[in-house]
Amino acid sequence: MVTQQDVLTEYDVQELDESANVDLSDEQLEDDSKGQLIKLAGQLRDRRNDLNQMASERASKRDDLNAKTREKVDEAQEHREQRDELNEQVQEHKNKRNELNAEANELFDEVEQMKEDLELDDGKDIEELKEEIEQLEFRQQTEVLSTEDERELIEKIENKREELRQKKDKVDDSGELEELIEEAEEVRSEASQHHQKVTELADKAQEHHNQMIEAYREADDIRDKADAMHELFVEAQESADRHHEDFVRVQKRLRELDKEEEQERDAERAEKREAAKEEAEEIYQKFKEGETLDTEDLMKLQKTGLL
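So, how was this worked out
- Residues numbered from 1 in each chain as written.
- Predicted model: local features only at pLDDT ≥ 70, side-chain atom pairs only at ≥ 80, totals over all residues.
- Heavy atoms only, no water.
- Helix = DSSP H or I, 4+ residues; strand = E, 2+ residues; numbered from the N terminus.
- Buried < 20%, exposed > 50% of the residue type's maximum accessible area, 1.4 Å probe, protein only.
- Contact = heavy atoms within 4.5 Å.
- Areas by Shrake-Rupley, 256 points an atom, 1.4 Å probe, with all protein chains shown as cover.
- Salt bridge = Lys/Arg side-chain N within 4 Å of Asp/Glu carboxyl O.

A.B. asks: An account of the overall build of the chain is requested, with residue identities and associated values reported.
C.D. replies: Within the chain one finds seven helices and zero strands. For the chain, the α and β elements follow one another from N to C terminus as α-α-α-α-α-α-α. In the chain, which comprises 307 residues, the proportion classed as buried is 27%. Across the chain, the fraction of contacts at a sequence separation of at least 24, relative to all contacts at a separation of at least 6, is 83%. Counting every atom, the chain has about 20900 Å² of accessible surface; 43% of that belongs to carbon and sulfur.

In structure tokens, the structure reads:
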């Protein structure tokens, strides 16, 4: 089981330091001064940017791992296709081998039946008869025998020669048998060739099967690492989003404070204008009553539009 710590170590990923996070309470938002809030907004913005960078790096590594996972899955699929193709060829050669073996068996059955018909399987075969005749002739030439024994030996040799001649005659008369044997052996040989192909192709198919299993295993391992890296990405992104939300809250509060200050300034300016107007009206009234105005009084009247 792959853990987050495993991928942090293996891919040299910076660990998220919770102590570097910036906290914002409702009390701070309401009670802190504008200067304090401006400073806090900067801290939140900087931490958000750092966390977004961290999330981006983790997302990039996750995407790389997902790409490698797909490569391994594609590799496994290629081995699967090659294995299946080879297995199809194995089955084709098996079918052909079985057909040829069945045909060869039928031919050899015909050979055996023909031998029975020709009685070639009765008694000893030609080579054995030749060897026995040679042994008997050697005995005749090397041993001192009585007339009786020599006559019996000669008779025995003649009988063997006659048996050999009959065997040879049957073989000479059975050219079809030799052709049938040759055909059966050729068919059996062809079947053996298909069996060899079955063995070779089955071995190759097994190799691709093993490689497919290994590629799927590697894909699973890499996918687990990608999942762990995704969890790390989510961790950083959620923290970045929280800092961004707090940054937006502070910015909103600062705009509210700016608006309050502007309203206060507007009220102060209105109050000053009202006071100036009242003073100007008093000066104007004095002017109407014939009093002499100095330069400052005249400027005040001009400023309020009464002169």
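A.B. asks: Any chance you could break down unusual backbone geometry for me, citing the residues and the numbers?
C.D. replies: One non-glycine residue, Asp 12, lies in the positive phi region at around 50°. Within the fold, Asp 12 resides in the loop between α1 (4-10) and α2 (26-31). What makes Asp 12 exposed here is its relative accessible area of 70%.

A.B. asks: Account for the environment of Asp 109, with residues named and values stated.
C.D. replies: Within the secondary structure, Asp 109 sits in helix α3 (residues 34-118). Exposure remark for Asp 109: the relative accessible area of 54% places this residue in the exposed category. The spacing of Asp 109 and Ala 184 is 75 residues in sequence and 9.5 Å in space, taken between C-alpha atoms.

A.B. asks: Residues and numbers for the pattern of salt bridges, please.
C.D. replies: Enumeration over the complete set of coordinates arrives at 26 salt bridges. Glu 10 is paired through a salt bridge with Lys 225; the nearest N and O atoms lie 3.0 Å apart. Residue Glu 10 is found in helix α1, and its partner Lys 225 is found in helix α6 (residues 175-288); the two are separated by 215 residues along the sequence. Among the residues examined, Glu 10 registers a relative accessible area of 46% and is labelled partly exposed. For Arg 151, the salt bridge identified is with Glu 148, shortest N-O distance 2.7 Å. A residue pair is termed a helical-turn pair when its members lie 3 or 4 positions apart in one helix, as Arg 151 and Glu 148 do in helix α5 (residues 147-172) at three residues.

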